[in-house]
Each structure stands twice: as structure tokens, then as C-alpha cells.
Amino acid sequence: MTKELEHKFISEFQENQNIIHKVCRIYTNNQEAHNDLFQEITIQLWKAYPKFRGDSKLSTWMYRIGLNTAITLYRKSKRTIKTQDFDTVLHRIQSTSYDDTEEEQLKLMYKAIHQLSDIDKALIFLYLEDKNYKEISETIGISEVNARVKMNRIKTRLKTILNP
Amino acid sequence: MDELDLLKKDWKKQDADYPKLSYEEIYTIVHKKSSSVVKWIFIICIAELIFWNVINLLIPDSYFEIYEKLHLKTVLSISYVIHYAVVIGFIYLFYKNYNSICVIDSTNLLMKKIIRTRRTVNYYVYYNIIATIILSFIINFMMFSDEELLMQVFNPKNLDIGGDKLFNILLISQVIGLVIIILFLWIYYRIIYGILLKKLNKNYKELATLE
């Protein structure tokens, strides 16, 4: 039974693993920290899986556990090296046809996001994932009004970071 | 906001760029051990519950002889019954709180539950310190109310020490002991809260200011 469950989990997780990579993308800025957080989230998902009843979408369930792990359960690894930025954006852009300004803007954008607080990162993440304010407020555990207020503040803050 | 729109556009394109972990790779991760904050809190809390009980059990019997001589045995027996009732109460509360921690709750609720669990054990430690202080007050009060007996017990060889002097020595040694315990606990909690719960507390406060 456990083997069956494990097989089911790994197969489903494998298909949806991008969700977790994206959470790690927002919360970490080097490869090692990314892998570390990815690992902890995966373990937490597996631990919670037997209780997953399927009354919510698997992706929604993964968003929650992913963000909760990143914000609450995960302790930053001491090995985090700040100077070695994990610049997937830059790396990726070189192979795609972006114009220089867009490339530069994106790079700055990710840098700015990494300066935000853990909670703000969660809101930005859910915003990027096209979640509405109702879902955002339910995931974080704040009221919809507060989610809106907070989101507006984050936008202003990002603007200040980008245009000092 | 232009940049944010640009980012959102880019965000959706990046799916293909992430590494696809194989079944075997995920299997390996699934079998690794978690090092989450909750797990550490659980280990530390259990260690604390055990620590305070072991301290009580480690006190040698000879220690109680002196209390017998001072006619304090009954007071101590009563205090032990109360103490173990309280310990059982704390253990029950701790398990109740710990079991309520659920990773699928909203972030806010999850943090609340973790903090509540941790707080239960804090109260347990406070209880131990306060109970020790109160008990030592009672014992001291009873001891010093019968100076003759006191001198008999603490100065059996009838050395030339005045009652005042003996009183001062006993008082000072108790105060020093208390200060050392409090200092030790303060450092300990700085470590626990500094390392383990700093991030959680910070994030929790941020959400609390929103409400």
C-alpha cells in the first residue's frame, strides 16, 4: 500500500515539479539553496500526501505546502553564498531573442524580488501564477482587502527598488 | 506597471527551463530526512520536558535527609504530587498543539500553531523556575522560623557561626544559584529564538501588523 502510494506520489509530483522549481526560483538565488529548498518541500509534500484527499486541486495543494515550507518551515542553509547569483534569467535570455532593455529589466526585476520579505515574495509568486485575490488571501491567511493593500505596497516597493 | 507585466510574461515562458527530475531522483529525495523548523522544535521541546524531569530524578536521596530533619518532608511530598500533575498537563497540551500543526493550513495559521506549540514548552520552563522559587521561599520560611533546629541541622559541629551569618550564607548561595540558572536560560533562549525561530517570528510579525 505504501509502495503504491509512493509510486502515485512520485509520478504526480514529477508531472507538477515545475511549481516547486518556481517557488525555489523566488526564494533562493543560488543553485545550492534552490536544491536544498526543493528537497525540503518535496519531503513535506510526501509527508502530507497521505492526507491529500483530492478535494482541492493537486497544484493548489502544492502551492500551499511549497510556500509554507519556504516561509515557515525551511531554515536558510548557512552555505548560501550571496555573491554567486543564480542567474537563470541571464543564462536563458542569451539563447532567446530578447532586446537588451528587456533583458536588463528582467534581471533587475528578479534582483528586486529577492530583496522583498518572505511574505511579499509569496504574494508576488501567487500574482505571477495568476491567482486571484481570494486564492491569495486564503493561501496566506489574511483578508482579501489586506491582500490587495499589501500587493499595492509591494508594487510600490518594487518601483522604488528599480527606480531609486 | 510595465516591468511587472514583462516579468509575468517571462514567468510563463520559463517552464521549459527548469530541470526535469527523474523518477529515481525524486525517489531519493522522498527518502531523505526533513530538517524543518517544526521537527527541530519537536526535538528541543521533548528534550526540555525530559531535562527538567531528569533533574528532579537525579537529586540524590541524601539530599532529602536534610529536609526530613527539618520536618519538611510533607511539604515536599505535596509539592511533588502537584508537580507531576502539572507535568502531565503540560505534556498533554504540548501533544495537542504539536498534532494540530498542519502544513496545508494557511501560512498565517501554520505560524500561529507553531508559535503556540513552542510557547507551551516555554510556559513549562517558566513554571519550573517559578515553582522552584516559590518552593524555596516556603522552605526557607519554615526553616528560618525555627532557628534552633536550623542551627542543629546546618551546624551540627556547633562551630562558632552566628545565626545571622548562617542566614546570610544560605541566602547568598541561593541567590547566586538562581542568577546562574536564569543566565543559563537566557542564553539558551537567545540561541533557540535567535537561530531557529528568528525567521518565523519576523514573518509572523509582518502578517500580524496587517491584521
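Basis of the calculations
Residues numbered from 1 in each chain as written. Chains lettered and ligands numbered in written order. Predicted model: local features only at pLDDT ≥ 70, side-chain atom pairs only at ≥ 80, totals over all residues. Heavy atoms only, no water. Helix = DSSP H or I, 4+ residues; strand = E, 2+ residues; numbered from the N terminus. Expected span 1.5 Å × (residues − 1). Buried < 20%, exposed > 50% of the residue type's maximum accessible area, 1.4 Å probe, protein only. Arc of directions from axis to C-beta. Contact = heavy atoms within 4.5 Å. Phe/Tyr/Trp six-rings, centres within 6.5 Å; stacked < 30°, edge-to-face > 60°. Salt bridge = Lys/Arg side-chain N within 4 Å of Asp/Glu carboxyl O.

## Focus on helix 9 (residues 198–210) of chain B
For step 1, the next point in the chain: The terminal C-alpha atoms of helix 9 of chain B lie 19 Å apart, and with 13 residues this matches the ideal 18 Å at 1.5 Å per residue to within 8%.
For step 2, the next point in the chain: Where helix 9 of chain B is concerned, the buried positions are Lys-199, Leu-200, Asn-203, Glu-206, Leu-207 and Leu-210 of chain B. One face of helix 9 of chain B carries all of its buried residues, which in axial projection span an arc of 130°. Opposite the buried face of helix 9 of chain B, by more than 90 degrees, sit the exposed residues Lys-198, Lys-202, Lys-205 and Thr-209 of chain B.
For step 3, the next point in the chain: Contacts made by the buried residues of helix 9 of chain B are with helix 3 (58–73), helix 6 (118–128), helix 7 (133–140) and helix 8 (144–162) of chain A together with helix 3 (37–58) and helix 6 (107–144) of chain B.

## With respect to helix 5 (residues 73–100) of chain B
Given 3.6 residues per helical turn, the α-helix brings residues three or four places apart onto the same face.
For step 1, the next point in the chain: With 28 residues, helix 5 of chain B should reach 40 Å at 1.5 Å per residue; the first-to-last C-alpha distance of 41 Å fits that figure.
For step 2, the next point in the chain: For helix 5 of chain B, the full list of buried residues reads Leu-76, Ser-79, His-83, Val-87, Phe-90, Phe-94 and Asn-97 of chain B.

## A few points about unusual backbone geometry
For step 1, the next point in the chain: In this structure, Asp-130 of chain A takes a positive phi of about 65° despite not being glycine.
For step 2, the next point in the chain: Inspection of the secondary structure assignment puts Asp-130 of chain A in the loop between helix 6 and helix 7.

## A word on the packing of aromatic side chains
Geometrically, a pair of aromatic rings is defined through the distance of the ring centres and the angle of the planes.
Residues and elements named next belong to chain A.
For step 1, the next point in the chain: For the coordinates displayed, the defined rule picks out 19 aromatic pairs over all chains.
For step 2, the next point in the chain: On the numbers, 5.9 Å between centres and 65° between planes, the contact of Phe-13 with Phe-38 is edge-to-face. With Phe-13 in helix 1 (residues 2–27) and Phe-38 in helix 2 (residues 31–48), this residue pair connects regions lying 25 residues apart in the sequence.
For step 3, the next point in the chain: Owing to a relative accessible area of 3%, Phe-38 belongs among the buried residues under this scheme.

## Quick look at the pattern of salt bridges
For step 1, the next point in the chain: Counted under the stated rule, the structure contains ten salt bridges over all chains.
For step 2, the next point in the chain: For Lys-131 of chain A, the salt bridge goes to Glu-135 of chain A, with nearest N and O atoms at 3.8 Å.
For step 3, the next point in the chain: Judged by relative accessible area, Lys-131 of chain A falls into the buried class, the value being 19%.
For step 4, the next point in the chain: Looking at Glu-135 of chain A, the relative accessible area reads 28%, which means it is partly exposed.
For step 5, the next point in the chain: Counted as one network, the salt bridges with shared partners bring together Asp-120 and Lys-150 of chain A together with Glu-206 of chain B.

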